[in-house]
Amino acid sequence: HGTDPQNILEYIVRQKIYDSRFWKEECFGLTAADVLEKAATVLKCVGGSFGGNAQPTKFLSLALKLLQIQPSTDIIRDTFLETEDFKYVRALGAFYLRLTARPADIYELLEPLYRDYRILRYREVTEWKLLTIDQFVHSLLTERIVCGIAVP
């Protein structure tokens, strides 16, 4: 992906996110703290793109925003992963870390999430399914494609 972490997401996915109403209205000028607040208030599911025209989820849009602003691993750990109250904030932090952190950090920071059994709604292209945070983390650590994104 070169030097710009945004390029982890495929070009067409980025363009669809940039063209989405949520990105234009809600994601402009956000800081890491704003992304945390936005994730806590608007995220209702995890997932990639859905529907016939592959519309991006808010989860994927906020992940791209994190890739844009590039918060440190410490900020993600202390604010996103350590939050007990908001499961989708935790899932977003885990997804971002999986995309950007060093392998040793990924395992060190994500393995404790195996003890989190709260249920997440997962939006697939044509359907919904339920999975727990530990299952989501397991997919981040073992699968090549998560939320429609090829993880490095």
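Use the structure listed above.
Basis of the calculations
Residues numbered from 1 in each chain as written. Predicted model: local features only at pLDDT ≥ 70, side-chain atom pairs only at ≥ 80, totals over all residues. Heavy atoms only, no water. Buried < 20%, exposed > 50% of the residue type's maximum accessible area, 1.4 Å probe, protein only. Helix = DSSP H or I, 4+ residues; strand = E, 2+ residues; numbered from the N terminus. Pairing = 2+ DSSP bridges. Contact = heavy atoms within 4.5 Å. Axes fitted to C-alpha atoms, helices over the stretch in contact; angles between N-to-C directions. Parallel < 35°, antiparallel > 145°, perpendicular 65-115°, else oblique. Left-handed = near helix turned anticlockwise from the far one by under 90°. Nonpolar A, V, L, I, M, F, W, Y, C, P; charged D, E, K, R; others polar. Lys, Arg positive; Asp, Glu negative; His and termini not counted. Salt bridge = Lys/Arg side-chain N within 4 Å of Asp/Glu carboxyl O. Polar contact = N/O pair within 3.5 Å; in protein donor to acceptor, adjacent residues only side chain to side chain.

### Brief notes about the pairing of strand β4 (residues 119-123)
Taken residue by residue, a regular strand's side chains alternate between the two faces of the sheet. What you see with β4 is a clean split: Leu120 and Tyr122 sit on the buried side and Ile119, Arg121 and Arg123 on the side with no burial. In the sheet, strand β1 (residues 46-47) pairs with β4 via two bridges, with the strands oriented parallel. In the strand pairing of β4, Val46 is matched with Tyr122. Strand direction decides the pairing type here: β4 and strand β5 (residues 128-132), joined by five bridges, are antiparallel.

### Details of the sheet that holds β4
Taken in spatial order, the three strands line up as β1-β4-β5 in an open sheet, and their pairing is mixed. In this open sheet, the two strands that pair with only one neighbour each are β1 and β5. Along the sheet face, helix α6 (residues 87-100) touches β1 and β4 and points at about 60 degrees away from the line of β4.

### Digging into the packing of helix α5 (residues 73-81) against α6
Here α5 crosses α6 at 160 degrees, and the two axes come no closer than 9 Å. When the interaxial angle is binned, α5 and α6 end up roughly antiparallel. Two packed elements cross with a definite hand, and for α5 against α6 that hand is left-handed. Taken together, the residues of α6 that come into contact with α5 (itself represented by Thr73, Ile76, Thr79, Phe80 and Leu81) are Val89, Arg90, Leu92, Gly93, Ala94, Tyr96 and Leu97. A breakdown of the residues in the contact of α5 with α6 according to their chemical character gives eight nonpolar, three polar and one charged.

### Some thoughts on the side chain of Arg98
Structurally, Arg98 can be placed in helix α6. One buried charged residue, Arg98, remains without a salt bridge, the closest side chain of opposite sign being Glu143 at 10 Å. A distance of 2.7 Å separates a polar side-chain atom of Arg98 from the backbone oxygen of Leu140. Among the polar contacts made by the side chain of Arg98, one reaches the main-chain carbonyl oxygen of Pro152 at a distance of 2.8 Å. Ignoring anything within four residues of it in the chain, the contact list for Arg98 reads Ile106, Leu110, Leu140, Val151 and Pro152.

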